[in-house]
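Each chain is listed here by its residues.
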Amino acid sequence: AWSELCPSPAALLGAGVDAPKPASAELFALREAHLAGPQKNYYETPPQMERGWKEHMFDVEGRAYLDMLNNVTILGHGHPRLAEAISEQWLRLNTNSRFHYTAIAEFSERLASLAPEGLEAVFLVNSGSEANDLALRLAWAHTGAKPMLSLLEAYHGWSVASDAVSTSIADNPQALTTRPDWVHAVLSPNTYRGAFRGSESTTGYLDAVVEVLEAIDAKGEGLAGFIAEPVYGNAGGISLPDGFLAAVYGQIRARGGVCIADEVQVGYGRLGHHFWGFEQQGAIPDIITIAKGMGDGHPLGAVITTRAIAGSLEKEGYFFSSTGGSPVSCVAGMTVLDIMADERLQENARDVGDHLKGRLVALIERHPIVGAVHGMGLYLGLELVRDRTTLEPATEETAAICSRLLDLGILVQPTGDHLNVLKIKPPLCLTVDSADFFVDMLEKVLSEGW
Ligand code: PLP
């Protein structure tokens, strides 16, 4: 049972674990009654979380869970230094971002200094969807053209424009039929399954891209650009083939388009070996979008681009966000960067991620259902298949394994258009012990059945 395997909240938090709270079922009923919208949660009756500490969360009944699916809280839950910085700034000043204050100047400069040379103009927003919408508007304003290329199976957000370039069938089953006509999606360069299975050269993918681009050329409406994650997140953290991004960027730029790297999920140190996903590809985008971890869960997003691209929005209108880059958000963002540096979290993502990946890869030999391990650092995908030749996705098995892991106190969920990839994205403070606990429990489930 989980209680024997997981550390108790008391063991992790010391004294001061609160008295019992309302039962999960009662809270779940309240949530069902009043929380609107299909708030996507994979679990039918999700645990009702009450507190967090480092890579663990605790539900209202005091159960501990190892959080392997959180790509928002990158520092780990409940970081006291971040809490102090936010509350101190809140007491000092928080206001509409139309005012001028120290934190917004300092934080913009910090973000620009993290980006490649020439990307020095920063817009601050509240989420990844907003950042991608703004990036698309910038591309439209800069090029005067509307057509945009994206990858099939991508997810870029839920707002109107970011949703339009999201063609992930798992996240939005209507995506393929409801795309507006300015969106042109090209087959994803997935080397594990699909049309490009086993392909080692980028030629095939590039041919597919060029075919779509030539169809866009033929319409004579120009090209606004290309948006993609530099690591193929939604399919389960699949690395793009070497040189793919740089080659596509070349094709886009030759047509006057701009290249947008969506780093919302994979950027900001998560890959361990690189701060940005595009570094792995040796490609430099014109626009970077970030969110999620940059505020460690505090709503914060940003677009980093060139002065020329940023300036072109002035032709089209203006940019304004009341709370994007508020004093509290900026202090949160700067403190996250300070903590990441002081606690060497990117290096931890690299070292613990390498260890974890090594242990997951070893499962391939022992368990036929484990087809492949994708990704790097603390952004990994374990793809489960019924047959290694046909690659038939083990969708139901993946769901059952996740439920069994939940019983054992581990939070991890399926991703990919076949929902057969365990997407592993814990806080960057994950320890080797917690990584080992996760693999031990996974192997227990794989060996004993689910
Ligand atoms: N881009 C990517 C790659 C994402 O994974 C997400 C969220 O899952 C978004 C954009 C949208 O970010 P947000 O949920 O903060 O709007």
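All of these numbers come straight from a predicted model, not from anything done at the bench. (Residues numbered from 1 in each chain as written. Predicted model: local features only at pLDDT ≥ 70, side-chain atom pairs only at ≥ 80, totals over all residues.)

## A look at the overall build of the chain
Right, on to step 1. In terms of regular secondary structure, the chain is built from 16 helices and 17 strands.
Right, on to step 2. Here the chain has a C-alpha radius of gyration of 22 Å; the compact-globule value for 450 residues is 22 Å, and the two agree.
Right, on to step 3. With respect to the three principal axes, the spread of C-alpha positions in the chain is 65 × 60 × 45 Å.
Right, on to step 4. With 450 residues in all, the chain has 50% of them scored as buried.
Right, on to step 5. The long-range fraction of contacts in the chain, counting pairs at least 24 apart against all pairs at least 6 apart in sequence, stands at 74%. (Helix = DSSP H or I, 4+ residues; strand = E, 2+ residues; numbered from the N terminus. Rg over C-alpha atoms; globule rule 2.2 N^0.38 Å. Buried ≥ 20, exposed ≤ 12 C-beta atoms within 10 Å, placed from the backbone. Contact = placed C-beta atoms within 7 Å.)

## Some points on the site of the ligand
Right, on to step 1. Taken together, 14 residues lie near the ligand, and Ser127, Gly128, Ser129, Gly157 and Val264 sit nearest.
Right, on to step 2. In terms of residues, the shell around the ligand owes the most to one element, helix H6 (residues 128-143), which gives 3 residues.
Right, on to step 3. Looking at the shell around the ligand residue by residue, the classes come out as 3 nonpolar, 8 polar and 3 charged. (Near = placed C-beta within 6 Å. Nonpolar A, V, L, I, M, F, W, Y, C, P; charged D, E, K, R; others polar.)

## A closer look at the sheet that holds strand E2 (residues 56-59)
Right, on to step 1. One open sheet accounts for 4 strands, arranged E1-E2-E3-E15; its pairing is mixed. Looking at the sheet topology across the chains shown, the edges are occupied by strand E1 (49-53) and strand E15 (410-411).
Right, on to step 2. With 2 bridges connecting them, strand E3 (residues 64-67) and E15 associate as parallel partners. The residue bridging Leu66 from the neighbouring strand is Ile410, located in E15. (Pairing = 2+ DSSP bridges.)

## Quick notes on unusual backbone geometry
Right, on to step 1. Positive phi, close to 70 degrees, is recorded for Tyr268, a residue that is not glycine.
Right, on to step 2. Structurally, Tyr268 is set in the loop between strand E10 (258-262) and helix H11 (277-281).
Right, on to step 3. For Arg344, which is not a glycine, the phi torsion comes out positive at approximately 50 degrees.
Right, on to step 4. Within the secondary structure layout, Arg344 lies in the loop between helix H13 (327-342) and helix H14 (345-366).

## Considerations on the sheet that holds strand E12 (residues 301-305)
Right, on to step 1. Reading across the sheet, the 7 strands line up as E4-E12-E11-E10-E7-E5-E6 and stay open at both edges, with mixed pairing between neighbours. Strands at the two margins of the open sheet, each flanked by one partner only, are strand E4 (121-125) and strand E6 (183-186). Each strand axis lies, on average, 20 degrees off the axis of its neighbour in the sheet, ignoring direction.
Right, on to step 2. Pairing analysis gives 4 bridges linking strand E5 (residues 148-151) to E6, with the strands arranged parallel. Across the sheet, Leu151 pairs through a bridge with Val186, a residue of E6. (Axes fitted to C-alpha atoms, helices over the stretch in contact; angles between N-to-C directions.)

## Remarks on the confidence of the model for the chain
Right, on to step 1. With 92% of its residues at a pLDDT of 70 or more, the chain has an overall mean of 91.
Right, on to step 2. Reported confidences for the modelled complex are a pTM of 0.94 and an ipTM of 0.99. (pLDDT = per-residue confidence, 0-100.)

## Re the nonpolar core
Right, on to step 1. Residues Ala135, Ala302 and Ile410 are the most contacted members of the largest nonpolar core, which totals 120 residues.
Right, on to step 2. Not counting the four nearest positions on each side in its chain, Ala302 is found in contact with Leu111, Val122, Phe123, Leu124, Val125, Ala131, Ile290 and Met294. (Core = buried A, V, L, I, M, F, W, Y, C linked by C-beta atoms within 7 Å.)

## Examining the packing of helix H15 (residues 395-407) against helix H16 (residues 432-448)
Right, on to step 1. As a packed pair, H15 and H16 sit with axes 10 Å apart at the nearest point and diverge in direction by 125 degrees. In this view, H15 runs oblique relative to H16, as classed from their interaxial angle. Note on packing geometry: the crossing formed by H15 with H16 is right-handed. Note on element contacts: H16 touches H15 through Met441, Leu442 and Val445, opposite Ile401, Arg404 and Leu405.
Right, on to step 2. When its residues are assigned to classes, the contact of H15 with H16 shows 5 nonpolar, no polar and 1 charged. (Parallel < 35°, antiparallel > 145°, perpendicular 65-115°, else oblique. Left-handed = near helix turned anticlockwise from the far one by under 90°.)

## So, H14
Right, on to step 1. Helix length check: H14 (22 residues) gives 31 Å between terminal C-alpha atoms against 32 Å at 1.5 Å per residue, within 8%.
Right, on to step 2. Where H14 is buried, its residues touch H13, strand E13 (370-376), strand E14 (379-384) and H16. (Expected span 1.5 Å × (residues − 1).)

## What about the environment of Pro147?
Right, on to step 1. For Pro147, the location among the structural elements is in the loop between H6 and E5.
Right, on to step 2. In this structure Pro147 comes out as buried when scored by C-beta crowding, with 23 C-beta atoms within 10 Å.
Right, on to step 3. Excluding anything up to four places from it in sequence, Pro147 contacts Trp182, His184, Ile216, Glu221, Gly222, Leu223 and Ala224.

## Here we look at the packing of helix H5 (residues 102-114) against H13
Right, on to step 1. Orientation of H5 relative to H13, taken along the N-to-C sense of each, is 40 degrees, at an axis distance of 9 Å. In terms of their interaxial angle, H5 and H13 are classed as oblique. Helix-helix and strand crossings are classified by hand; for H5 and H13 the assignment is left-handed. Of H13, the residues touching H5 (which contributes Ala103, Ile104, Glu106, Phe107 and Arg110) are Pro327, Cys330, Val331, Gly333, Met334 and Leu337.
Right, on to step 2. Partitioning the contact of H5 with H13 into residue classes produces 8 nonpolar, 1 polar and 2 charged.

## Considering the pairing of E14
Right, on to step 1. Burial of E14 is extensive: 6 of the 6 residues sit out of reach of the surface.
Right, on to step 2. Of the two faces of E14, the one carrying Tyr379, Gly381 and Glu383 and the one carrying Leu380, Leu382 and Leu384 are both buried.
Right, on to step 3. Relative to E14, E13 is paired through 6 bridges, and the arrangement is antiparallel. Looking across to E14, one finds that His374 is bridged to Gly381.
Right, on to step 4. Counting the residues between successive antiparallel strands, the hairpin from E13 to E14 contains 2 residues, one of them, Gly377, with a positive phi of roughly 60 degrees.
Right, on to step 5. Two elements, E14 and strand E17 (residues 421-424), share 4 bridges in a ladder whose sense is antiparallel. Each residue of the ladder has a partner; that of Glu383, found in E17, is Val421.

## Considerations on the environment of Tyr42
Right, on to step 1. Following the sequence through the fold, Tyr42 ends up in the loop between helix H3 (24-34) and E1.
Right, on to step 2. Through-space distance from the C-alpha of Tyr42 to that of Leu136 is 30 Å; in sequence the pair is 94 residues apart.
Right, on to step 3. Setting aside chain neighbours within four positions, we find Tyr42 in contact with Gln413 and Pro414.

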